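One-letter residues, chain by chain:
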Amino acid sequence: MADHKKKSSSKPGQQAKRAQEQRYQQAEAASRVLMECLTQLEDAGQLAASERASQYANTTRAYFRRLRNGKVLSPADFTAAADVCQSARRALQALDPELAFADLASAEALRAALAAGDAAIAAFQEIKRGGKTA
């Protein structure tokens, strides 16, 4: 008689796929929130004060357009999302090298967006160092 115990462990690749999907979702969310922050700063005329910040914001938009419908669905999208986060960080650093944003009403939101972006960048770099695909 066969033993019909349920396996408590998942299929070998299932856990890795879940981790990948989670990374993709986090990178997508970070990219979106950083783009929203940069758009708000631009609409308020605050990026215009720094030519470098404005240039990095333009670069960030170019990277964001690489995402299909703003979604992170593949390793290429994940790379583009990491590029969005890195470029947005550079734009914000050009605006305020200390990243304190003391003069801005949205300082807390900007710091939270940067933290999300930094997490996406760290995940990308970890994968890159490990020689694995995203």
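Residues numbered from 1 in each chain as written. Predicted model: local features only at pLDDT ≥ 70, side-chain atom pairs only at ≥ 80, totals over all residues. Heavy atoms only, no water.

S.K.: What am I meant to see in the side chain of Arg-89 here?
M.R.: With respect to the helices and strands, the residue Arg-89 is situated in helix α3 (residues 75-95). Judged by relative accessible area, which is 18%, Arg-89 ranks as buried. A distance of 2.7 Å separates the side chain of Arg-89 from the side chain of Asp-118, its partner in a polar contact. Filtering out sequence-adjacent residues up to four positions away, Arg-89 remains in contact with Leu-99, Leu-114 and Asp-118. (Helix = DSSP H or I, 4+ residues; strand = E, 2+ residues; numbered from the N terminus. Buried < 20%, exposed > 50% of the residue type's maximum accessible area, 1.4 Å probe, protein only. Polar contact = N/O pair within 3.5 Å; in protein donor to acceptor, adjacent residues only side chain to side chain. Contact = heavy atoms within 4.5 Å.)

S.K.: Just checking my understanding: could you explain the nonpolar core for this structure?
M.R.: As a rule of thumb, nonpolar side chains are buried together in soluble globular proteins. Counting 32 residues, the largest nonpolar core has Leu-38, Phe-78, Leu-92, Phe-101 and Leu-110 as the members making the most contacts within it. At the level of secondary structure, the elements contributing two or more residues to this core comprise α1 (12-43), α2 (51-65), α3 and α4 (107-130). The element contributing the most residues to this core is α4, with nine residues. Apart from residues lying up to four places away in sequence, Leu-38 is in contact with Leu-47, Ala-57, Thr-60, Ala-88, Ala-91 and Leu-92. (Core = buried A, V, L, I, M, F, W, Y, C linked by side-chain atoms within 4.5 Å.)

S.K.: Honestly, α4 in this entry has me stumped. Any pointers?
M.R.: For an α-helix, the turn length of 3.6 residues means that residues three or four places apart are oriented alike. Between its first and last C-alpha atoms α4 spans 34 Å; for 24 residues at 1.5 Å apiece the expected length is 34 Å, and the two agree. Every buried residue of α4 is listed here: Ala-107, Leu-110, Ala-113, Leu-114, Gly-117, Ala-120, Ile-121, Ala-123, Phe-124 and Ile-127. (Expected span 1.5 Å × (residues − 1).)

S.K.: What exactly am I supposed to notice about the side chain of Asp-96 here?
M.R.: On the secondary structure map, Asp-96 appears in the loop between α3 and α4. Buried within the structure, Asp-96 lacks any salt-bridge partner; Arg-111 is the closest side chain of opposite charge, at an N-O distance of 7.1 Å. A polar side-chain atom of Asp-96 sits 3.1 Å from the main-chain amide nitrogen of Ala-100. (Lys, Arg positive; Asp, Glu negative; His and termini not counted. Salt bridge = Lys/Arg side-chain N within 4 Å of Asp/Glu carboxyl O.)

S.K.: What exactly am I supposed to notice about the packing of aromatic side chains here?
M.R.: The description of an aromatic ring pair uses the distance of the two centres, along with the angle that the planes make with each other. The tally for this structure, following the rule as stated, stands at two aromatic pairs. Centroid distance Phe-78 to Phe-124: 6.0 Å. Interplanar angle 55°. Geometry classified as tilted. Placement of Phe-78 in helix α3 and of Phe-124 in helix α4 is noted, with a sequence separation of 46 residues between them. As far as the burial class goes, Phe-78 and Phe-124 line up, both buried. Counting every residue linked through ring pairs, the aromatic cluster contains Tyr-24, Phe-78 and Phe-124. (Phe/Tyr/Trp six-rings, centres within 6.5 Å; stacked < 30°, edge-to-face > 60°.)

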